[in-house]
Structures are given as structure tokens and as C-alpha cells.
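What the coordinates show
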Amino acid sequence: MNSVAAHPYPYRFDPRSTALVVIDMQRDFVEEGGFGSALGNDVRPLTAIVPTVAALLATARGAGMLVVHTRESHLPDLSDCPPAKRLRGNPALGIGDIGPMGRILVRGEPGNQILPLLAPVAGEIVIDKPGKGAFYATDLHAQLQARGISHLLFAGVTTEVCVQTSMREANDRGYECLVVEDACASYFPVFHQATLAMLTAQGGIVGWKAPLAELQRALPPMNKGEAA
Ligand code: C5J
């Protein structure tokens, strides 16, 4: 067992039964000129975590951990997007509309792609999710169960929306969850901080938080011989 100096107390995990889940590091949310910034959001807190998420991916891959990437995305005919989701928000630019990087939150469009620097590699799981949570209307739970995964590390954007929803869904399904606090971000820094506080309050009511450096301290890179 490895142990991370986490909040509210040490997080113990076995890398062989732990997966890293990177939530929605899509061009439309993160890049200047994408959907998020076209709505007037300041994307700088999101672009700022890209090197940390890249380092986290390298750490997880180096430790031989399973990696999962998610994208918030809909079918081109929007049949998986309820009106309650499609019609809310900014009437000038919504889901399915043509945005600066193609149709907003539609599978296969340029803006829906994961940032090239953080792109999935062979053997990693990619989940296209129509909701905010990674478990809703996806086969993520089944895929994790099939691989014997019991612990999840969360990163990505945005902390208070898709990261938090996914971590709560995971907690309700019995996973032991830790959010890597400097590898997730919000357009609203106050929401980022509040989310980290509420997820870990009351003795870790949803789970733990720790910075990447503490995870790296707990996860020295695997020796070559251990990779098999
Ligand atoms: C949002 C997300 N914020 N990935 N999506 O709508 O958090």
C-alpha cells in the first residue's frame, strides 16, 4: 500500500487497483478562443493547470496506473442532450451551435478534442459523457469493475462542475476518491477552493485532497522489471 499525505488524513492506495480520471481537458473549455472564453469566462486558471495535469499523467503512467480521460460531448443529432441542458445557458451560444472551434460539445468537433499535450495514449480509456458526471449514461463503472479498480484520483475541469459531480458519483458507487487539488481548476477560483473544502469536510465526506507533489512523493516511478 502507498500512502499520500492528504487532507483530511493520509490516503492509502495500491496503484494496481487505482485509476487516474482526467475530466474534460477539452479545447473548448480550456483554450483561449474556445467555447468557455467565447462566453466571457477567464480561461487562465484552466490553462495554468495544463503542465500539472501533464506531470500527473506522467506520474500515473510511470507507476503503471490505469488512466481514464473523459469528454463532455453529445451525439451530432443531440438525441442524448435533454432540452433542460440544451436550452439553459447563454442563448447566443449553446450546445450544438457552431462555435469558434466547431459545434459546441458535439463529438468529433475540433473543440471537443482533448488538448494535444494531454492526449490519451494506447490502452487508456476514453469516456464520452453526455452529463456532468462521468458515470451517468456511460459504461465507466463497468469498465473499472472489470479491471478491479477500487480507488480513483481525480483531475481536470471544472472543479465545481464535472470534477465534483464525477467524484460524488464515484463515492456513491463505493470508490475511495482523492482529488489532486492543483491539477483541477475553475473559471471561478472561489468555487475551486469552496469545492475542495466541501468534498473533504466532515472527515472526508466525499474523499481526500492532496497536491501533485504529495502524490509523487507516494508514488516513486516503477522499476522496469515491475512493469509486467
Ligand atoms: C462544465 C465541465 N463546466 N466539464 N463542464 O459545464 O465542468
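Residues numbered from 1 in each chain as written. Predicted model: local features only at pLDDT ≥ 70, side-chain atom pairs only at ≥ 80, totals over all residues. Heavy atoms only, no water.

Quick notes on the pattern of salt bridges
One pass over the full model with this rule turns up nine salt bridges. Residue Asp14 pairs with Arg16 through a salt bridge whose shortest N-O separation is 2.8 Å. Classification of Asp14 as buried rests on a relative accessible area of 19%. (Salt bridge = Lys/Arg side-chain N within 4 Å of Asp/Glu carboxyl O. Buried < 20%, exposed > 50% of the residue type's maximum accessible area, 1.4 Å probe, protein only.)

Quick notes on the sheet that holds strand S9 (residues 176-185)
Reading across from one edge, S7-S4-S3-S8-S9-S10 is the order of the six strands in this open sheet, with parallel pairing throughout. The open sheet has two edge strands, strand S7 (125-129) and strand S10 (208-210), and neither has a second partner. The mean inter-strand angle of the sheet, taken between neighbouring strand axes irrespective of direction, is 25 degrees. Where helix H7 (residues 159-172) meets the sheet, its contacts fall on strand S3 (18-23), strand S4 (66-72), S7, strand S8 (151-157), S9 and S10, and the angle it forms with S8 comes to roughly 165 degrees. (Pairing = 2+ DSSP bridges. Helix = DSSP H or I, 4+ residues; strand = E, 2+ residues; numbered from the N terminus. Axes fitted to C-alpha atoms, helices over the stretch in contact; angles between N-to-C directions. Contact = heavy atoms within 4.5 Å.)

Here we look at the UniProt feature "domain: Isochorismatase-like" (unreviewed entry) in the protein chain
Under the local residue numbering, the UniProt record ascribes the feature "domain: Isochorismatase-like" (unreviewed entry) to residues 18-206. Each end of residues 18-206 is marked by a C-alpha atom, and these two atoms are 17 Å apart; helix forms 35% of the span and strand 21%. (UniProt positions renumbered as here; feature names shortened; annotations may be inferred.)

Points about the confidence of the model for the protein chain
Scored by pLDDT, the protein chain comes out at a mean of 95, with 96% of its residues at no less than 70. Per-element confidence in the protein chain ranges from a low mean pLDDT of 92 for helix H2 (residues 35-38) to a high of 99 for S8. (pLDDT = per-residue confidence, 0-100.)

Here's the deal with helix H8 (residues 189-204)
For H8, with 16 residues, the first-to-last C-alpha span of 21 Å sits near the 22 Å given by 1.5 Å per residue. Buried positions along H8 lie against H7, S9 and S10. (Expected span 1.5 Å × (residues − 1).)

Examining unusual backbone geometry
Among all residues except glycine, the phi angle is most often negative; among peptide bonds, the trans geometry is most common. A cis amide bond links His7 with the next residue in sequence, Pro8, at an omega value of 10 degrees. Here Pro8 is to be found in the loop between strand S1 (2-4) and strand S2 (11-13). Positioned with a positive phi, Ala137 is a non-glycine residue whose angle comes to about 60 degrees. Classification of Ala137 as exposed rests on a relative accessible area of 55%. In this model, Gln202 sits at a positive phi of 55 degrees, which is unusual for a non-glycine residue. The class of Gln202 is exposed, set by a relative accessible area of 70%.

A short note on the site of the ligand
Looking at the ligand, the residues that line it are Asp24, Phe29, Glu72, Lys132, Val157, Thr158, Val161 and Cys162. Here an oxygen atom of the ligand and a side-chain polar atom of Lys132 are 2.9 Å apart. For the ligand, the accessible surface in isolation is 230 Å², of which the surrounding protein chains cover 86%. (Near = heavy atom within 4 Å. Polar contact = N/O pair within 3.5 Å; in protein donor to acceptor, adjacent residues only side chain to side chain. Areas by Shrake-Rupley, 256 points an atom, 1.4 Å probe, with all protein chains shown as cover.)

Things to note about H7
If you check H7, its first and last C-alpha atoms are 18 Å apart, about what 14 residues at 1.5 Å a residue would give, namely 20 Å. Residues of H7 that are buried include every one of Thr159, Glu160, Cys162, Val163, Gln164, Ser166, Met167, Glu169 and Ala170, and no others. Positive backbone phi, approximately 95 degrees, marks Gly174, located one or two places after H7.

Concerning the packing of aromatic side chains
Per the stated rule, a full pass over the model turns up six aromatic pairs. With centroids separated by 5.4 Å and ring planes inclined at 75 degrees, the aromatic side chains of Tyr9 and Trp208 adopt a geometry described as edge-to-face. Of the two residues, Tyr9 sits in the loop between S1 and S2 while Trp208 sits in strand S10, which places them 199 residues apart along the sequence. Of the residues examined, Tyr9 reaches a relative accessible area of 40% and is grouped as partly exposed. (Phe/Tyr/Trp six-rings, centres within 6.5 Å; stacked < 30°, edge-to-face > 60°.)

Describing the side chain of Asn2
Secondary-structure assignment places Asn2 in strand S1. At a separation of 2.7 Å, a polar atom in the side chain of Asn2 contacts the main-chain carbonyl oxygen of Ala218. Each residue touching Asn2, except ones within four places of it in the same chain, is listed here: Tyr11, Arg12, Phe13, Pro15, Ala218 and Leu219.

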